[in-house]
Amino acid sequence: MVSCIKPKGWKEPAAALHNVRAIPQNVLIDGQGDIVASNLRGEALINKIQELLK
């Protein structure tokens, strides 16, 4: 887990780059550094993690 707080808030370039529109937001990143899913909650998050760990 990575927690990131930036002083520019919504004007932070990283927020725009990754289309952050709400807090909290989660992003799953694979071993190659690619975003494979974002903003999953509950069962959808659990299922995606299990899928990626196979």
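Above this note sits the structure.
The text that follows walks through the structure, step by step, so that each part is easy to find. (Residues numbered from 1 in each chain as written. Predicted model: local features only at pLDDT ≥ 70, side-chain atom pairs only at ≥ 80, totals over all residues. Heavy atoms only, no water.)

1. Points about the overall build of the protein chain
Which entries qualify depends on this criterion: Labels follow the DSSP assignment, with helices taken as runs of H or I lasting at least four residues and strands as runs of E lasting at least two, numbered in each case from the N terminus. Note on classification: 1.4 Å probe, protein chains only; a residue is buried when its accessible area is under 20% of the maximum for its type, exposed when over 50%, partly exposed between these limits.
Along the protein chain, the regular secondary structure elements total two helices and two strands. Secondary structure elements in the protein chain, listed N-terminal to C-terminal, are α-β-β-α. Within the protein chain, the proportion of its 54 residues that are buried is 13%.

2. Description of the pairing of strand β2 (residues 35–38)
To be explicit about the condition: Strand pairing follows a simple DSSP-based rule, namely that at least 2 bridges must link the two strands.
Of the pairings in the sheet, the one linking strand β1 (residues 27–29) to β2 comprises three bridges and is antiparallel in character. Within β2, the position partnered with Val27 by the bridge is Ser38. Here β1 hands over to β2 after five residues, with Gly33 in that stretch at a positive phi of 90 degrees.

3. Focus: the pattern of salt bridges
We apply this condition: Any carboxyl oxygen of Asp or Glu within 4 Å of a side-chain nitrogen of Lys or Arg constitutes a salt bridge here.
For the structure shown, the criterion picks out one salt bridge. Its salt-bridge partner being Glu51, residue Lys48 comes within 3.3 Å of it at the nearest N-O pair. Residue Lys48 and its partner Glu51 are located together in helix α2 (residues 42–53), separated by three residues, close to a single helical turn.

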